[in-house]
Amino acid sequence: MELRFGLFLFVALIPVVFAQDISHGSIVIDGTMTVAQTDDNFVCATIDWWPHDKCDYDQCPWHNTSVTNLNLSHPFLAKAVQAFNHLRIRVGGSLQDQVLYNVGNLKSPCHPFQKMKDGLFGFSKGCLHMKRWDELIRFFKETGVMVTFGLNALHGRHKIKRSLWGGDWDSSNAEDFMKYTISKGYHIDSWEFGNELSGHGIGAHVLADQYGTDLIKLKSMINELYKGSQSKPSLVAPGGFFEEEWFVKLLQTSGSRVLDVMSHHMYNLGAGVDPKLVSKILNPDHLNKAAYTFSNLTHVIRTHGPWSSAWVGESGGAYNSGGARVSNTFVNSFWYLDQLGMSSKYHTKVYCRQTLIGGNYGLLNATTFVPNPDYYSALLWHRLMGKVVLSVESDASPFLRSYAHCSKGRAGVTLLVINLSNQTKFVMNVQNSINLKLAVNEQNISRDGFTHTLKKTFSWVGTKASDEALLREEYHLTPKNGYIRSRTMVLNGIPLEVTGAGNIPSLNPVRVNVKSPISISPLSIAFIVFPNFEAPACG
């Protein structure tokens, strides 16, 4: 009986043992030059206006997470935000162009959002009371938030035909709101103008020349209102989907040094109801398509508006509130971290995740305020990845994604590796390009011989030899129980769970000899910190 059971156990384990392929290769980091630079506060999250009865695909995942009713006193919320030590939050979203500010000489009634059949996005105009604004600013100040606020860019305009809106922007309500904000001493990092009104728009759109004219007006207003101020907020626009001709026209119309930031939105996974969401996330070819948008926007800014910089003002992966049981699970971090890595290579200064809380794509659960897996991905990026982007090359398959930055707040380099393969374990030697250039110069070996030598060597950090045991720090992220749709992320074998009081768990690395190769398990993610990596670009 024992023999038969042992044979059965052996046979049962065969698929587990032999299903995993092992691929050896090398990753080369070039620390000699800067590829791009992000803002110090690259990671950003949004708080949206959607009320509880915003529903998609027979689901209503927003609950009470609107700008107007989010429970700011919930202890989990404050602790989740404070953990970032200055998180940028963008207040905005689809309904922002229907928000009235209940201040000054407002001539229209100021009522909460209500379902309205003929309203934009199916809702009436809404209202922001100054008491609520005071509460929001108090929360932001207490938690160290950098605030980007999206202004209503449709106020005063009228619908011309279909989704096209025309007429000059009525700035009076926005000006009264900004005056109130300044009078109270509230610090706003940046004002954003409009939401998804660019190009063909989503729900509504405005022609680029009209939009550009209104930006000139808003910039003049900001300059006047903040005259003599020690810090002047940036002007951000248009917060919509990239359409090259429209974006070029906007820069040409608004002119030099009006628009500080060109913001665009990214939902490259498609609709939240798409049954192929997971396969898209794990498909390197699909993920690579986003580079086209990042590259083209970079070209537009360099050519037509070099005084401006690029932001992803909103991105949730899948639109219409995200994908249920996808956007709030571990598998979404493959898409999210890849987006952070890719966008930073193309000179994106800020990347705003839709949302901090609300919908299926919130970093926090909409009802319990407990962090979803992507929260920890965002936090690790924010803590480990500095603003200087470095070049990385790898001989691994496209299923292994690699990104490198100078480490944040310390010497060295941090490498992010993302394994999209469900069956291949990658064992990689990390090389410093300085060593490789020295080897080529000194030995003058052939390319084939060099590649052969490279594959045989272990990872090293630079040209300075040492007898000391140099260590690197590794943060391996996996899903609980190996289930990629788990809502619990595991760090180095330990599930990440908040305490009963909502305290964020410690994110501790394991320390490994720097000369050993890096192992990246199937369907896992790792941040690898090299404290002693010789990288002149990092200063």
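Please read all numbers here as calculations on a predicted model, not as lab measurements. (Residues numbered from 1 in each chain as written. Predicted model: local features only at pLDDT ≥ 70, side-chain atom pairs only at ≥ 80, totals over all residues. Heavy atoms only, no water.)

A. Expanded view of the overall build of the protein chain. Looking only at helices and strands, one finds 13 helices and 27 strands in the protein chain. When burial is assessed residue by residue, the protein chain has 58% of its 539 residues classed as buried. Pairs at least 24 apart in sequence give 76% of the contacts found in the protein chain among residues at least 6 apart. Carbon and sulfur atoms provide 52% of the accessible area of the protein chain, an area that totals close to 23200 Å². Of the side-chain charges in the protein chain, 50 are positive and 43 negative, and the distance between the mean point of each set is 2 Å. (Helix = DSSP H or I, 4+ residues; strand = E, 2+ residues; numbered from the N terminus. Buried < 20%, exposed > 50% of the residue type's maximum accessible area, 1.4 Å probe, protein only. Contact = heavy atoms within 4.5 Å. Areas by Shrake-Rupley, 256 points an atom, 1.4 Å probe, with all protein chains shown as cover. Lys, Arg positive; Asp, Glu negative; His and termini not counted. Charge placed at Lys NZ, Arg CZ, Asp CG, Glu CD.)

B. Just the state of the cysteines, in detail. All told, the structure shown has four disulfides when counted by the stated rule. At a sulfur-sulfur separation of 2.1 Å, the disulfide partner of Cys44 is Cys352. Taking the torsion about the sulfur-sulfur bond, which here is approximately 85°, the covalent link between Cys44 and Cys352 counts as right-handed. Taken together, the positions of Cys44 in strand S3 (residues 43-47) and Cys352 in strand S17 (residues 348-353) put the pair 308 residues apart, joining distant regions of the chain. Of the two residues, Cys44 and Cys352, both sit in the buried class. Note on cysteine connectivity: Cys55 is disulfide-linked to Cys60, with sulfurs 1.9 Å apart. Taking the sign of the torsion about the S-S bond as the criterion, the disulfide between Cys55 and Cys60, at about 100°, is right-handed. Sequence-ordered numbering of the bonded cysteines in the protein chain yields a pairing of 1-6, 2-3, 4-5, 7-8. (Disulfide = S-S within 2.5 Å.)

C. The arrangement of a nonpolar patch on the surface in detail. A cluster of nonpolar residues, Tyr57, Val273 and Tyr319, forms a patch on the protein surface that exposes about 260 Å² of accessible area. In this structure, Tyr319 sits in strand S16 (residues 318-319). The class for Tyr319 is partly exposed, based on a relative accessible area of 38%. (Patch = residues over 30% accessible without salt bridge, like charges linked within 9 Å, V, L, I, M, F, W, Y side chains within 5 Å. Salt bridge = Lys/Arg side-chain N within 4 Å of Asp/Glu carboxyl O.)

D. How the structure looks around the pattern of salt bridges. The tally for this structure, following the rule as stated, stands at 17 salt bridges. In this structure, Asp40 and Lys387 form a salt bridge, with 3.7 Å as the shortest nitrogen-oxygen distance. Of the two residues, Asp40 is situated in the loop between strand S2 (36-37) and S3 and Lys387 in strand S18 (residues 385-394); the sequence distance between them amounts to 347 residues. When its relative accessible area of 49% is taken as the criterion, Asp40 is described as partly exposed. Given a relative accessible area of 34%, Lys387 falls into the partly exposed group. Salt bridges here are not isolated pairs; linked through shared partners, they connect Asp39, Arg88 and Asp189.

E. Representation of the environment of Glu243 within the structure. You can see Glu243 is positioned in the loop between strand S12 (234-240) and helix H6 (244-254). Sequence-wise, Glu243 and Met33 are 210 residues apart; in three dimensions their C-alpha atoms are separated by 31 Å. With residues up to four places along the chain from it excluded, the contact list for Glu243 reads Ser198, Gly199 and His200. Side chain to side chain, Glu243 and His200 meet in a polar contact 2.9 Å long. (Polar contact = N/O pair within 3.5 Å; in protein donor to acceptor, adjacent residues only side chain to side chain.)

F. Examining the packing of H6 against helix H9 (residues 290-304) more closely. Running from N to C, H6 and H9 cross one another at 25°; their axes reach a closest spacing of 10 Å. As far as their axial angle goes, H9 and H6 are roughly parallel. Helix-helix and strand crossings are classified by hand; for H6 and H9 the assignment is right-handed. Contact residues: H6 offers Glu244, Phe247, Val248, Leu251 and Gln252, while H9 offers Asn296, Leu297, Val300, Ile301 and His304. Across the contact of H6 with H9, the residue classes break down as six nonpolar, three polar and one charged. (Axes fitted to C-alpha atoms, helices over the stretch in contact; angles between N-to-C directions. Parallel < 35°, antiparallel > 145°, perpendicular 65-115°, else oblique. Left-handed = near helix turned anticlockwise from the far one by under 90°. Nonpolar A, V, L, I, M, F, W, Y, C, P; charged D, E, K, R; others polar.)

G. How the structure looks around the sheet that holds strand S11 (residues 205-206). If you walk across this open sheet you meet the three strands as S8-S9-S11, and the pairing is mixed. Looking at strand neighbours, the two that pair on one side only are strand S8 (158-161) and S11, the edges of this open sheet. Relative to strand S9 (residues 164-166), S8 runs antiparallel, the two sharing three bridges. By the bridge assignment, Lys159 is partnered in S9 with Trp165. (Pairing = 2+ DSSP bridges.)

H. How the structure looks around the sheet that holds strand S15 (residues 309-315). Taken together, eight strands build a closed barrel; the order of strands is S3-S4-S7-S10-S12-S13-S15-S17 and the barrel is parallel. Shown here is a sheet whose adjacent strand axes are inclined to one another by a mean of 25°, direction ignored. Alignment of S12 against strand S13 (residues 261-266), held across four bridges, turns out to be parallel. Across the sheet, Ala237 pairs through a bridge with Met262, a residue of S13. Contacting strand S7 (146-151) and strand S10 (190-193), helix H4 (residues 172-183) runs over the sheet at an angle of about 160° to S7. Lying on the sheet, helix H5 (residues 208-225) is in contact with S7, S10 and S12; it crosses S12 at an angle near 155°.

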